[in-house]
Structures are given as C-alpha cells and as structure tokens.
Amino acid sequence: RNSQGKAPIVHAIGVCDDPDYFYAYVAKIADEMGFKTSGEPSTTEEFVRQHMTVHQGKGLGYAISTQEELEFVTNFARGTGIVLDPVYSGKALYQFVNSVIAETPDTFRGKRLLFWHTGGALGLFDKVSSLSTSLPSTSPCLRLDVYGKGRGVDIPEDE
C-alpha cells in the first residue's frame, strides 16, 4: 500500500492468449498458494479482476514481431542499456508504452512505474536476423566471428 493506503494498480500485458486466460491463470496460482477471499469479492478471480488489468499485447501473434516492435526493442537497448527480447518482454513493453500509456497518459503522468520482466531472453536467438538489419547501422559494437564461419569480425592470431 502507498502512503494514502491504496494498493498498487497492476497492469499486465499478455503477449499470448487473451486477457480472460490470464485472469483465470493468476487466480488459479493464487488459489494453489492458499489465497482466500472474505466477503466481497467472493471468488479469487473476481478479486484478481478488481486489482489487475490485463491488456492484450500479442500484436500480430505469438513470436511474430512488427518492424515497429523490433525498432522499439533496438532503440530501448541503445537508450537504456537494457536488452529486452522481442518475443515477450520487448513486445509487452512496446504494447504498454504505445497502447496503454498512449491511450490514457494522465493515468500514468507523475507516477512511479515498475516494469516487471518475467523471462524470455531466449527469444532473442530466433530474432537475430530480424534485429540485425537495424543493429549494424546503429551500434558501435562489432560481432566477433568466434566460430570462424565468416559471420563477424575476424581477430587475427598473434604471430
């Protein structure tokens, strides 16, 4: 609770399935952990729905990224030093910034926000070719050819 006694507002971005799936899934986890409601709301799912808003964020579909999403992930990494994968966390933050905040900016203005990334780093590997089109022109980093397959910078051996 904050200094006014209010519980934080939780916004979740689902990048697969629909919001109803996530409300039910979170309620199931809470029930399995022994969560009990008393009075109103009468069910765990009703409680979850009162305290969490799930937004649709899958865009074109699971693991299918738009060019705008890929550019967002690239620009976010360059601007913050934080690398987000484009399958889960990058897509979720893109949707949060460009849909949720953009639709109701006054709701978030002057507020403290926490983006809680829950996994997905392995999603980067599948998107290397898609991301690499914007990275060479924007990043001072060079990819090393550590396996000798001609896909990066060779480091000459000392003679």
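Structure shown above.
First, a word on what this report is: a plain description of the structure on this page. Remember, predicted model here, so these are calculated numbers, not experimental data.

## What about unusual backbone geometry?
In this model, E40 is joined to P41 through a cis peptide bond whose omega is -5°. Assignment of secondary structure puts P41 in the loop between α1 (19-32) and α2 (44-51). Here D17, not a glycine, exhibits a phi torsion of approximately 60°, which is positive. For D17, a relative accessible area of 36% translates into the label partly exposed. One non-glycine residue with positive phi stands out, namely A63, at about 65°.

## Description of the packing of helix α3 (residues 67-80) against helix α4 (residues 89-103)
It is the contact of α3 with α4, at a shortest axis distance of 9 Å, that shows an interaxial angle of 100°. With respect to their mutual orientation, α3 and α4 come out roughly perpendicular. Facing α3, whose interface residues are E68, E69, F72, V73 and F76, α4 presents G90, K91, L93, Y94, Q95, V97 and N98. Across the contact of α3 with α4, the residue classes break down as six nonpolar, three polar and three charged.

## So, the environment of D31
Mapped onto the elements, D31 comes out in helix α1. Between the C-alpha atoms of D31 and T44, which are 13 residues apart in sequence, the distance is 7.0 Å.

## Some thoughts on the packing of aromatic side chains
Ring pairs (aromatic) are described by centroid distance and by the angle formed between their planes. The full count for this structure, using the stated rule, is seven aromatic pairs. Their ring planes at 85° and their centres at 5.0 Å tell us that Y21 and F22 sit as a pair that is edge-to-face. Three or more aromatic residues link up through ring pairs in this structure, and these residues are Y21, F22 and Y25.

Conventions used here
Sequence order as written defines residue numbering, which begins from 1 separately in each chain. In view of the model being predicted, local features appear only for residues whose pLDDT reaches at least 70, and side-chain atom pairs are presented and counted only at 80 or more, with totals across whole chains, interfaces and linings using the full set of residues. Hydrogens and water molecules were not included; the side-chain quantities draw on all heavy atoms of the structure. Each helix is a run of DSSP H or I of at least 4 residues and each strand a run of E of at least 2, with the numbering of both proceeding from the N terminus. For the exposure calls, accessible area comes from a 1.4 Å probe over protein chains only, and a residue counts as buried if that area is under 20% of its type's maximum, exposed if over 50%, partly exposed in between. Orientation is described by lines fitted to C-alpha atoms, with helices fitted over the stretch in contact, and by angles between N-to-C directions that extend from 0 to 180 degrees. By definition in this entry, angles of less than 35 degrees are roughly parallel, angles greater than 145 are roughly antiparallel, angles of 65 to 115 are roughly perpendicular, and the rest are oblique. Note on contacts: a residue pair qualifies if any of its non-hydrogen atoms lie within 4.5 Å across the two residues. Gly is placed with the polar residues, together with every amino acid not listed as nonpolar (Ala, Val, Leu, Ile, Met, Phe, Trp, Tyr, Cys and Pro) or charged (Asp, Glu, Lys and Arg). Under the pairing criterion, centres of Phe, Tyr and Trp rings, with the six-membered ring standing for Trp, must be within 6.5 Å; the plane angle then separates stacked pairs below 30 degrees from edge-to-face pairs above 60, leaving the rest tilted.

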